[in-house]
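A look at the structure
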Amino acid sequence: MSDDVKLCVEILEKAIAFEEEGMAFFQDRAQNAPSTLERNLFNSLAKDEAGHKAHLVKMREDLLRKGTVDVLPDVEDDHVLNVRKLFDDALEGANDPYDFELEELEILKGAMDVERRGYHLYANAAAEVTSPKAKAIFEHLALEEQNHYDLLKNTYDFMADPEGFDGFDGGAMLDGG
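These numbers come from a predicted model, not from an experiment.

1. Observations concerning the overall build of the protein chain
- Along the backbone of the protein chain there are 5 helices and 0 strands.
- Secondary structure of the protein chain in N-to-C order comes out as α-α-α-α-α.
- Counting every position in the protein chain, which comprises 177 residues, the buried fraction comes to 43%.
- A sequence separation of at least 24 residues applies to 82% of the contacts in the protein chain between residues at least 6 apart.
- Counting only carbon and sulfur atoms, one obtains 48% of the accessible surface of the protein chain, whose full area is about 9,100 Å².

Written as structure tokens, this is what we have:
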């Protein structure tokens, strides 16, 4: 097994554990969410993390079975999460934003931290590997985590200041903080 394959398998094992942690976190938050907005967001994020995990498990199994990074799939750019639509859908039927409590904002901060850690996990993995295919996959996964972060940040901004909320902003950069 080449060094690139070994490195990819190690990274994928960490990533699978991370996605499991994220899934459990979001499922727990969805079950205990006091508002429709949060419940919708957390359920969507848990579902997306489950999809990531399944994809990562398959990649790891393919790498172990074939022993080459050539088995890694090509990145599909059209699979990027549409966070604007998810945000708008979550707002539909949501409670009055003025009913939210400080504790709920802290929960969103915790969720944002989960996504920030995921972003850094995948961005660092992309920097470590030499295979262009592996690099593209980890960069794509970092973008997915960035999208999750954007979704949570917009939700946080909306809940923290509904009157001052200027609308969905998909431009926050995780690597700056």
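Structure's up, so let's keep going.
2. Digging into helix 2 (residues 36–66)
- The first and last C-alpha atoms of helix 2 sit 45 Å apart over 31 residues, in line with the 45 Å expected at 1.5 Å per residue.
- Directly after helix 2, the chain includes G67, whose backbone phi takes a positive value near 70°.

3. Here's the deal with the pattern of salt bridges
- In total, this model carries 9 salt bridges according to the counting rule given.
- R29 serves as the salt-bridge partner of D28, at 2.6 Å between the closest nitrogen and oxygen.
- A relative accessible area of 34% means that D28 is categorised as partly exposed.
- In this structure, R65 and D62 form a salt bridge, with 2.5 Å as the shortest nitrogen-oxygen distance. Within this pair, R65 and its partner D62 are both found in helix 2, separated by 3 residues, close to a single helical turn.
- You can call R65 exposed: its relative accessible area is 56%.
- Each member of the salt-bridge network shares a partner with another, and the members are K58, D62 and R65.

4. Concerning the environment of C8
- By the element assignment, C8 lies in helix 1 (residues 3–31).
- Classification of C8 by relative accessible area gives buried; the value is 1%.
- When the C-alpha positions of C8 and F138 are compared, they lie 9.8 Å apart, and in sequence the two are 130 residues distant.
- Discounting residues that sit within four places of it in the chain, C8 has contacts with L63, V69, V129, A134 and F138.

5. Digging into the packing of helix 1 against helix 5 (residues 132–160)
- Where helix 1 contacts helix 5, the two axes come as close as 13 Å, and the packing angle between them is 20°. As the angle between them shows, helix 1 and helix 5 are arranged roughly parallel. Judged by the sense of rotation from one axis to the other, the crossing of helix 1 with helix 5 is left-handed. Facing helix 1, whose interface residues are C8, I11, L12, F18, E19 and F26, helix 5 presents A134, F138, E145 and L152.
- When the residues that make up the contact of helix 1 with helix 5 are grouped by side-chain class, the tally is 8 nonpolar, no polar and 2 charged.

6. Remarks on the confidence of the model for the protein chain
- Residues of the protein chain with pLDDT of at least 70 account for 78%, and the chain-wide mean is 80.
- Per-element confidence in the protein chain ranges from a low mean pLDDT of 57 for helix 3 (residues 83–91) to a high of 91 for helix 1.
- With pLDDT under 50 throughout, residues 172–177 is counted as low confidence; its partners more than four residues away or in other chains account for 14 contacts.

7. Observations regarding the nonpolar core
- With 23 residues, the main nonpolar core has C8, L56, L63, L72, Y122 and F138 as its most contacted residues.
- The set of elements that each furnish at least two residues to this core consists of helix 1, helix 2, helix 4 (102–128) and helix 5.
- Tallying contributions element by element places helix 1 first for this core, with 7 residues.
- In terms of nonpolar packing, the next biggest core, distinct from the first, is built from 20 residues, F26, A46, L108 and M159 among them.

So, how was this worked out
Residues numbered from 1 in each chain as written. Predicted model: local features only at pLDDT ≥ 70, side-chain atom pairs only at ≥ 80, totals over all residues. Heavy atoms only, no water. Helix = DSSP H or I, 4+ residues; strand = E, 2+ residues; numbered from the N terminus. Buried < 20%, exposed > 50% of the residue type's maximum accessible area, 1.4 Å probe, protein only. Contact = heavy atoms within 4.5 Å. Areas by Shrake-Rupley, 256 points an atom, 1.4 Å probe, with all protein chains shown as cover. Expected span 1.5 Å × (residues − 1). Salt bridge = Lys/Arg side-chain N within 4 Å of Asp/Glu carboxyl O. Axes fitted to C-alpha atoms, helices over the stretch in contact; angles between N-to-C directions. Parallel < 35°, antiparallel > 145°, perpendicular 65-115°, else oblique. Left-handed = near helix turned anticlockwise from the far one by under 90°. Nonpolar A, V, L, I, M, F, W, Y, C, P; charged D, E, K, R; others polar. pLDDT = per-residue confidence, 0-100. Core = buried A, V, L, I, M, F, W, Y, C linked by side-chain atoms within 4.5 Å.

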